[in-house]
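Breakdown of the fold
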Amino acid sequence: MLKQSGLSCYVCSNQEELRREIAKGAGCVLMAEEALPHNRAVTWDDLFGPEPAWSQLPVVLLLARGHAQKELALLRTIEKRPSIGFIERPTQKRSLISALKNAIEARRLQYAIRDALDALQTANRRKDEFLAVLAHELRNPLAVISAAIHIKKRRSADRDDDMLSAIERQTQQLTRIVDDLLEVSRISRGKLELHKERVDLVALVREVFEKGADKLQGGKHRKQFYAPSTELFIEGDPIRLGQVFSNLLNNAAKYTADVGAIDVTVTQDGRSAVVIVKDTGVGIPPEMITRIFDIFTQVDRNLGRAQGGIGVGLSLTRSLVTLHGGTIEARSGGADKGSEFIVRLPLSEAPDASNVEPAQDTNERRASQTKLLVVDDDHLVGKLTGELIASFGMEVRVVPGGAEALEVIPNFQPRIVFVDLGMPGMDGYETVRRIRQLPGGDSLFIAALSGWGQAEDFERSAQAGFDRHFVKPIKISELENLFASELPA
Ligand code: ADP
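Remember, predicted model here, so these are calculated numbers, not experimental data. (Residues numbered from 1 in each chain as written. Predicted model: local features only at pLDDT ≥ 70, side-chain atom pairs only at ≥ 80, totals over all residues. Heavy atoms only, no water.)

Comments concerning the overall build of the protein chain
Within the protein chain, the regular secondary structure consists of 16 helices and 15 strands. The C-alpha atoms of the protein chain give a radius of gyration of 31 Å, which is well past the 23 Å a tight globule of 489 residues would have. Along the first, second and third principal axes, the C-alpha atoms of the protein chain reach 100 × 60 × 50 Å. Here the protein chain holds 489 residues, and the buried ones make up 45% of them. Put simply, of all contacts in the protein chain between residues at least 6 apart along the chain, 72% involve residues at least 24 apart. Counting every atom, the protein chain has about 26,100 Å² of accessible surface; 52% of that belongs to carbon and sulfur. Within the protein chain, one finds 63 positive and 67 negative side-chain charges whose respective centroids are separated by 6 Å. (Helix = DSSP H or I, 4+ residues; strand = E, 2+ residues; numbered from the N terminus. Rg over C-alpha atoms; globule rule 2.2 N^0.38 Å. Buried < 20%, exposed > 50% of the residue type's maximum accessible area, 1.4 Å probe, protein only. Contact = heavy atoms within 4.5 Å. Areas by Shrake-Rupley, 256 points an atom, 1.4 Å probe, with all protein chains shown as cover. Lys, Arg positive; Asp, Glu negative; His and termini not counted. Charge placed at Lys NZ, Arg CZ, Asp CG, Glu CD.)

Structure representation (structure tokens):
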């Protein structure tokens, strides 16, 4: 009868068949009450299969005359579903057909929503992938530019070369945007790992307040730091937490005129450490107070852009706080009424072990040489990295590949070797494995230099035998730290 009315149907004779046909994409299910299982424990999911968020499978149940089995527990639960329709037998052909056609139409809309959601997800994934690739591709040219500026500055007789300083500042700004983009896409793909340790939040925030957050340091705001005289320990990744507070303090400085004030308070509230960054700046309108944490959202695009931002900072900040098990909220009395950002982080439960320093390892490693070897197939990148290191007063050799490195090391006897990962022929991983097999290769400090800096990249390079993994462009401060810990003073 249904076929005659233009409906294509498939008759299922058991539950498995039913679930299979639904999963294939059924328009609706027409079921006789007698086909419902008598077992009380059977659920909707057992019968029809699990439903994704977009789905409300339409089921038309043909009830026996007088609702014979209405005591059934299952019937009672499915009665509550909005997508279920009941038709009592005997029924008119017309009512049945129209009920089924309505159900199929409802299902068609659900499938349209499913397809739209799939398309959105795909587009979102592509955007993330695009951002990751874009940021990665921008890193190499940025590495070259940064290194070139640094060398030029060191060589230049005119230490206060304005133009060079401007290029340097803009390049740092670009590097920061690229890093932020890469990190946001990493977080949204669940690929950012925290390296947690016991951190005194008071000291960390004070450090950012006094020396970090370049926009705050560059501004002329009245600024105050309030904190308890005791430490507040949390389990966190100091680098990421530094980013969190540097973002908030830079924003406070960006969105507050120089005549304004910026107050930072670190305090304890129950089992939480609380950091409040308060400014007297442009404020945030009420309708934007939660939206500003969404990526690429700026209250005033002109103002935001003029401040050199693209609306990524707060989104990154919120993700990093959440990864630490904390929360962040914004408050403001409205436009021109100033803003307040409140970060809560769970205090550490573990006993104090902060004085245990893992210094032994590095002491053992200290050797007397200050010779360094750079292995990079990109001539320009290799040359500039070499010159950058040489500008620290080190003796540097640059070779274009793993084979050359293996030849040079026994005679040159470097203390530290930097190896680019993506090289033709013998790649960085193979190179480090082979270097480790050389006499004395075990005790060499070998660092990977790569455009890729995702958790699995760090893991892979560590497994291959690298001591460290630096993401290009390697920062001057990273080199300073490395030389301070790995080379004699
Ligand atoms: P960006 O500063 O790069 O635009 P953010 O994600 O850091 O991006 O901030 C998003 C938006 O939130 C900013 O564009 C600004 O409109 C608003 N905002 C952030 N911090 C403040 C603040 N302290 N005072 C007023 N508005 C702010």
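A word on the packing of helix α14 (residues 428-437) against helix α15 (residues 455-464)
Relative to each other, α14 and α15 sit at 30 degrees, their axes nearing to 9 Å. By the criterion of interaxial angle, the relationship of α14 to α15 is roughly parallel. Where α14 abuts α15, its residues Y429, V432 and R433 lie against R460, S461 and A464. Residue classes in the contact of α14 with α15 are distributed as three nonpolar, one polar and two charged. (Axes fitted to C-alpha atoms, helices over the stretch in contact; angles between N-to-C directions. Parallel < 35°, antiparallel > 145°, perpendicular 65-115°, else oblique. Nonpolar A, V, L, I, M, F, W, Y, C, P; charged D, E, K, R; others polar.)

Focus on the nonpolar core
Within the largest apolar cluster, 47 residues are counted, with the highest numbers of intra-cluster contacts made by V205, F245, L248, L249, V275 and F341. Elements with a contribution of two residues or more to this core: α5 (162-188), α6 (201-210), α8 (238-254), β7 (261-269), β8 (272-279), α10 (313-323), β9 (327-332) and β10 (339-346). Of the residues forming this core, the biggest block, seven residues, is contributed by α8. Every residue in contact with F245, bar those within four places of it in the chain, is listed here: L201, L204, V205, V208, V275, V343 and L345. Counting residues in each nonpolar core, the second largest holds 22 residues, with F412, M426, I446 and A448 among its members. (Core = buried A, V, L, I, M, F, W, Y, C linked by side-chain atoms within 4.5 Å.)

Regarding the site of the ligand
Near the ligand you find 20 residues, and of these N251, Y255, D279, Q298 and L314 are the closest. Within the backbone of G311, a nitrogen or oxygen atom sits 3.1 Å from an oxygen atom of the ligand. Elements represented by at least two residues in the shell around the ligand include exactly α8, α10 and β10. A total of three residues in the shell around the ligand trace back to one element, the largest contributor, which is α8. Residues belonging to the shell around the ligand are distributed by class as follows: 10 nonpolar, eight polar and two charged. (Near = heavy atom within 4 Å. Polar contact = N/O pair within 3.5 Å; in protein donor to acceptor, adjacent residues only side chain to side chain.)

A word on the pattern of salt bridges
In total, this model carries 19 salt bridges according to the counting rule given. The partner of E207 in a salt bridge is K211, with the nearest N and O atoms 3.9 Å apart. Here E207 falls in the partly exposed class, since its relative accessible area comes to 44%. The salt bridge involving E329 is made with R331; its shortest N-O contact spans 3.3 Å. Residue classification places E329 among the partly exposed residues on the basis of a relative accessible area of 34%. Judged by its relative accessible area of 43%, R331 is partly exposed. Salt bridges sharing common partners tie together R20, E21 and K24. (Salt bridge = Lys/Arg side-chain N within 4 Å of Asp/Glu carboxyl O.)

Brief notes about the side chain of S55
Position of S55 relative to the elements: it lies in the loop between α2 (44-48) and β2 (59-63). S55 sits in the buried class, given a relative accessible area of 8%. In terms of polar contacts, S55 uses its side chain to reach the side chain of E51, at 2.6 Å. At a separation of 3.0 Å, a polar atom in the side chain of S55 contacts the side chain of R107.

With respect to α10
For α10, every residue scored as buried is listed here: G313, L314, S315, L316, T317, L320 and V321. Contacts made by the buried residues of α10 are with α5, α8, β9 and β10.

Looking at unusual backbone geometry
Residue P90 follows R89 across a cis peptide bond; omega there is -10 degrees. Looking at the secondary structure, you find P90 in the loop between β3 (84-88) and α4 (93-155). Of note in this structure, F296 is not a glycine but carries a positive phi near 65 degrees. Considering the arrangement of structural elements, one finds F296 in the loop between β8 and α9 (301-306).

Some words on a nonpolar patch on the surface
Taken together, I113, L117 and L120 make up a surface patch of nonpolar side chains, about 290 Å² in accessible area. For L117, the position within the fold is in helix α4. Residue L117 is classed as partly exposed on the basis of its relative accessible area of 39%. (Patch = residues over 30% accessible without salt bridge, like charges linked within 9 Å, V, L, I, M, F, W, Y side chains within 5 Å.)

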